[in-house]
Amino acid sequence: MTRHFLAALLLTFLASSVQAHEYKLGSLEIKHPWTRATPKSAQVAGGYMKIINTGTTPDRLVGGSTDVAKSFEIHEMSMNGGVMKMRELKDGLEIAPGATVELKPGSYHIMMMNLSHPLAKGDKVKASLNFEKAGKVDVEFAVQAIGGNAAGMDMKEHTQ
Ligand SMILES: [Cu+2]
């Protein structure tokens, strides 16, 4: 085996170990949708991902749906006079041409409400996303540990 081949093999292993997954819809790329495991009594879960618009016209994430929750909203979290506030983006979230928009904790996120069951680490949550122009795409949210982040690592030092 060549050195080159071994390097490629190692890269494949590294990529699959963090369960990177991505989707394409027209000129939109959706990278690594993820959510967090929820405690038994939880009613809500956040959904996170990166959306890249490689095209030349703007699009908007306007909604979606999932098997595990009754409602699926697009939210924004922001600081307002020193207080963290969350609001629903009724007109959706714009993905400008050439832009990378990251949905992440403390910022834009999907809010899945009225969960039908708790989410467990390692599960995959089936969902679909609706874009104003590109239409609908089926995705899976990877469920990471409670307090986990996009890289699949625990962030205990920040939560305690
Ligand atoms: Cu929210």
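Please read these numbers as outputs of a predicted model, since none were measured by experiment.

**Student:** Just give me the short version of the coordination of the copper ion, but keep the residues and values in it.
**Tutor:** Those protein atoms acting as donors to the copper ion are H75 (ND1), M86 (SD), H109 (NE2) and M111 (SD), and they sit at 2.1 to 2.4 Å. Angles of 93 to 121 degrees at the metal separate the four donor atoms of the copper ion, which places the site in the tetrahedral class. Here the donor residues of the copper ion are spaced in sequence according to H-x10-M-x22-H-x1-M. Placement of M86 in strand 6 (residues 83-88) and of M111 in strand 9 (residues 109-115) is noted, with a sequence separation of 25 residues between them. Given the relative accessible area of 10%, M111 is considered buried.

**Student:** Outline the packing of aromatic side chains, supporting the account with residue identities and numerical values.
**Tutor:** Aromatic rings considered in pairs are described by the distance between their centres and by the relative angle of their planes. Within the structure shown, the criterion is met by one aromatic pair. Judged by centre distance (4.7 Å) and plane angle (40 degrees), the ring pair of W34 and Y48 falls under tilted. A residue pair is termed long-range when its members are at least 10 positions apart, and W34 in strand 2 (residues 28-36) and Y48 in strand 3 (residues 44-53) qualify at 14 residues.

The rules we used
Residues numbered from 1 in each chain as written. Predicted model: local features only at pLDDT ≥ 70, side-chain atom pairs only at ≥ 80, totals over all residues. Heavy atoms only, no water. Donors = N, O, S within 2.8 Å, 3.2 Å for Na, K, Ca; no water. Tetrahedral: all angles 85-135°; square planar, octahedral: opposite > 155°, others 65-115°. Helix = DSSP H or I, 4+ residues; strand = E, 2+ residues; numbered from the N terminus. Buried < 20%, exposed > 50% of the residue type's maximum accessible area, 1.4 Å probe, protein only. Phe/Tyr/Trp six-rings, centres within 6.5 Å; stacked < 30°, edge-to-face > 60°.

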